[in-house]
Amino acid sequence: MTSTTVVRLLLAVPGLTAVGFGIQQFVVRTHPDVSDARELALWLGGAVVLHDGLLVPTVLLLGLLISRARRLRPILRGALLTGGCLTLIALPLLLRPGRPANPTVLPRDYWVSWSMALALTLAVAVPVAWVLRCRRSRRQRRAGR
């Protein structure tokens, strides 16, 4: 056995154990009937379709666009990473249907807050990228003299 195989096994065993524990807890705590199992399968299938049909092509396209902007790549990566993390954190609140029974539980308009956070991310990233680009063009002009 190679060391790579051993490392893979050492990582796979706890991962598969955690998955098995999650499935066991789901079955024990919810006692799903057939309709729950269908809803779960539909939800998991939808997650796969959204991931493979929307998320992966978007990330690949953005990666292709970023690869062409060599000097701005760190700024663009940082802005996209920040926007993605903000979206992941806010997604459960953004997709929550209707009003909560207790209005103090979710008291804010999360769409506005999320939009403002993304706008602030852009408001920082765009000027920094512009300054870096201007510096590069000045250096190129000085070198060309």
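Now for a quick tour of the structure. Quick caveat, the model's predicted, so the values are computed rather than measured. (Residues numbered from 1 in each chain as written. Predicted model: local features only at pLDDT ≥ 70, side-chain atom pairs only at ≥ 80, totals over all residues. Heavy atoms only, no water.)

So, on to the overall build of the protein chain. Broken down by element type, the protein chain carries four helices and zero strands. Expressed as a percentage of contacts within the protein chain between residues at least 6 apart in sequence, the contacts between residues at least 24 apart total 50%. (Helix = DSSP H or I, 4+ residues; strand = E, 2+ residues; numbered from the N terminus. Contact = heavy atoms within 4.5 Å.)

Along the chain, Thr121 turns up in helix α4 (residues 110-144). Beyond its immediate chain neighbours, meaning those up to four positions away, Thr121 contacts Ala79, Thr82 and Leu86.

This paragraph deals with a nonpolar patch on the surface. A grouping of Val19, Ile23, Phe26, Val27, Leu40, Trp43 and Leu44 is seen on the molecular surface, where their side chains present a nonpolar patch of about 650 Å² in accessible area. The biggest single contributor to the nonpolar patch is helix α1 (residues 3-30), with four residues. When you line up the elements, Trp43 lands in helix α2 (residues 34-68). Taking the relative accessible area as the measure of exposure, Trp43 reaches 58% and is therefore exposed. (Patch = residues over 30% accessible without salt bridge, like charges linked within 9 Å, V, L, I, M, F, W, Y side chains within 5 Å. Areas by Shrake-Rupley, 256 points an atom, 1.4 Å probe, with all protein chains shown as cover. Salt bridge = Lys/Arg side-chain N within 4 Å of Asp/Glu carboxyl O. Buried < 20%, exposed > 50% of the residue type's maximum accessible area, 1.4 Å probe, protein only.)

We now examine the layout of surface pockets. There is about 850 Å³ of room inside the largest pocket. If you go around the largest pocket, you meet 22 residues; those closest to its centre are Leu55, Val59, Gly84, Thr87 and Leu88. For the lining of the largest pocket, the secondary structure elements donating two or more residues are α2 and α3 (73-94). Per element, the largest residue contribution to the lining of the largest pocket is twelve residues, and it comes from α2. (1 Å grid on protein atoms, 1.4 Å probe; cavity = no way out; pocket = protein on both sides within 12 Å on 5 of 7 lines; lining within 4 Å. Points joined across faces, edges and corners; volume = space filled by probe spheres on them.)

Right, let's talk about a positive patch on the surface for a bit. Taken together, Arg71, Arg135, Arg138, Arg139, Arg141 and Arg142 make up a surface patch of like positive charges. Look at Arg71 and you get exposed, because its relative accessible area is 57%. (Lys, Arg positive; Asp, Glu negative; His and termini not counted. Charge placed at Lys NZ, Arg CZ, Asp CG, Glu CD.)

This part takes up α3. When the terminal C-alpha atoms of α3 are compared, their 29 Å separation across 22 residues agrees well with the 32 Å that a helix rising 1.5 Å per residue should span. Its maximal kink placed at Leu88, α3 deviates by approximately 35°, while the proline Pro92 follows within four residues. Buried-residue contacts for α3 involve α4. (Expected span 1.5 Å × (residues − 1). Bend = angle between axes of the 7 residues up to and from the residue.)

Take Arg108: it is sitting in the loop between α3 and α4. Distance in space between the C-alpha atoms of Arg108 and Leu93 is 9.9 Å, their sequence separation being 15 residues.

Here the focus is the environment of Arg71. Locating Arg71 in the fold gives a position in the loop between α2 and α3. With 58 residues separating them in the primary sequence, Arg71 and Ala129 have C-alpha atoms 8.7 Å apart.

What follows covers α4. Look at α4: 51 Å from first C-alpha to last across 35 residues, which is about the 51 Å you get at 1.5 Å a residue. Of the residues making up α4, those classed as buried are Trp114, Thr121, Ala125 and Ala129. Buried-residue contacts for α4 involve α3.

Packing of α3 against α4 brings their axes to within 10 Å, and their N-to-C directions diverge by 180°. One finds that α3 runs roughly antiparallel with respect to α4. Side by side, α3 and α4 meet where Ile75, Ala79, Thr82, Gly83, Leu86, Thr87, Ala90, Leu93 and Leu94 of the first sit next to Tyr110, Trp111, Trp114, Ala117, Leu118, Thr121, Ala125, Val128, Ala129 and Leu132 of the second. Residues that form the contact of α3 with α4 fall into these classes: 15 nonpolar, four polar and no charged. (Axes fitted to C-alpha atoms, helices over the stretch in contact; angles between N-to-C directions. Parallel < 35°, antiparallel > 145°, perpendicular 65-115°, else oblique. Nonpolar A, V, L, I, M, F, W, Y, C, P; charged D, E, K, R; others polar.)

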